[in-house]
Amino acid sequence: MIEMATTVGFVGVGNMGWPMAACLVKAGFAVNVNDSRREIADNFVQQVGGFAPDSLRQLTEGSDIVVTMLPTSAIVERVLTAGDDNLLAGMKPGSVIIEMSSGVPSITQRLAEQVAALGGTLIDAPVSGGVPRAKTGQLAIMAGGDDATIEKVMPLLSAMGASVLKTGAVGSGQAMKALNNMVSTGGFLIGIEALLIGQRFGLNPGVMTDVLNAATGMNNSTQKKFKQFVLSRKFDAGFTLGLLAKDLSIAMQVGRETATAAPMSALVNELIVSAQAKFGPGADHTEMAKLCELLAGSELDPS
């Protein structure tokens, strides 16, 4: 089991990574941070604490455990292996890399083999809960990889998440994360369609949301997104359509690799691809409700 004196390197202090790394500082870990935008890493040190090494190699050399929280597996692979300055260049035998991005399982498995060849261990531990739960350290973490390694880093993971769920071999956490987001998106879309149908019938969307939350139609979106981000017309939950589309494409890839028929998932994925094309990858993911409204020819009344 690791000690609080353990030094953690954290690569990627963006919308999610910043509050996650801040939770580690709050928990008493010494934290080295790196971001592609040097000014962000410097701001983190000034506002939260820790240290910002000058290079990825120096970050790894000065850390016992390295966390990656980056937009795509392609970026993770580049940070780990590309060029003269990368994480593996400074990795010591016995080091642990925790890949917490929402990545492609097959790429993560290949990277784990490269890390193992250098005497280290890579596990994947993507998260669910968004920025609000990242700030409070209450994320759900799906951990895949060597069981003994996961147990070793459990204090670190527990500083960022309220629940750490072991999912199996390395890459399984990322597969589970993508599939979770597929289920979540499906629940959101069918719920919005129900509100649009009900509104035309004469039901109030706010009242409908209350009923769904008291009945069997309840899901995360009815509880935490409909009133807060859709009916309020704020559309600022903090997770983009582009990132959601990426996660759903990963889920569909896992489906293809396992030769699993998934017609409902394919429809959900197509709707998100269409929403991203309409509103742009930087739009908040809750704006997918607007696509449902366009298809229905009416807009939900927030009153």
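Look up a bit, the structure's there.
Computed from a predicted model, the values in this text were never measured in an experiment.

1. Quick notes on the overall build of the chain
Broken down by element type, the chain carries 15 helices and 8 strands. Relative to the compact-globule value of 19 Å for 303 residues, the chain shows a C-alpha radius of gyration of 20 Å, a close match. Seen through its C-alpha atoms, the chain measures out along the principal axes to roughly 65 × 45 × 35 Å. With 303 residues in all, the chain has 51% of them scored as buried. Considering only residue pairs separated by 6 or more positions, the chain has 66% of its internal contacts joining residues 24 or more positions apart. The averaged location of the 27 negative side-chain charges in the chain is 5 Å from the averaged location of its 22 positive side-chain charges.

2. A look at the pattern of salt bridges
Within the structure shown, the criterion is met by 12 salt bridges. Between D147 and K166 there is a salt bridge, with the nearest N and O atoms lying 2.9 Å from each other. On the criterion of sequence distance, the pair formed by D147 in helix 7 (residues 147–152) and K166 in strand 8 (residues 161–168) is long-range, its members being 19 residues apart. Among the residues examined, K166 registers a relative accessible area of 40% and is labelled partly exposed. For E299, the salt bridge goes to R233, with nearest N and O atoms at 3.7 Å. Linking E299 in the segment after helix 15 (288–296) with R233 in the loop between helix 12 (226–231) and helix 13 (241–257), this pair joins segments that are 66 residues apart in sequence.

3. Comments concerning the nonpolar core
Membership of the largest hydrophobic core comes to 48 residues, with the highest contact counts inside it found for L80 and I192. Residues V13, C23, V33 and M69 belong to the second largest nonpolar core, which totals 37 residues.

4. Looking at unusual backbone geometry
A positive phi angle, near 45 degrees, is found at F235, a position not held by glycine. One can find F235 in the loop between helix 12 and helix 13. The backbone phi angle of A259 is positive, close to 55 degrees, even though this residue is not glycine. We classify A259 as exposed; its relative accessible area is 70%.

5. Things to note about the side chain of E287
Within the secondary structure layout, E287 lies in the loop between helix 14 (263–279) and helix 15. Apart from residues lying up to four places away in sequence, E287 is in contact with F235 and F279.

6. Let's talk about the pairing of strand 1 (residues 7–11)
In terms of residue burial, strand 1 counts as a mostly covered element, since 5 of its 5 residues are buried. Residues T7, G9 and V11 line one face of strand 1 and the alternating positions V8 and F10 line the opposite face, and both faces are buried. Of the strand pairs in this sheet, strand 1 and strand 2 (residues 30–34) are connected by 5 bridges, and their pairing is parallel. Each bridged residue has a counterpart across the sheet, and for F10 the counterpart in strand 2 is V33. Two elements, strand 1 and strand 3 (residues 65–68), share 4 bridges in a ladder whose sense is parallel. Along strand 3, the bridge assignment pairs V8 with I65.

The rules behind these values
- Residues numbered from 1 in each chain as written.
- Predicted model: local features only at pLDDT ≥ 70, side-chain atom pairs only at ≥ 80, totals over all residues.
- Heavy atoms only, no water.
- Helix = DSSP H or I, 4+ residues; strand = E, 2+ residues; numbered from the N terminus.
- Rg over C-alpha atoms; globule rule 2.2 N^0.38 Å.
- Buried < 20%, exposed > 50% of the residue type's maximum accessible area, 1.4 Å probe, protein only.
- Contact = heavy atoms within 4.5 Å.
- Lys, Arg positive; Asp, Glu negative; His and termini not counted.
- Charge placed at Lys NZ, Arg CZ, Asp CG, Glu CD.
- Salt bridge = Lys/Arg side-chain N within 4 Å of Asp/Glu carboxyl O.
- Core = buried A, V, L, I, M, F, W, Y, C linked by side-chain atoms within 4.5 Å.
- Pairing = 2+ DSSP bridges.

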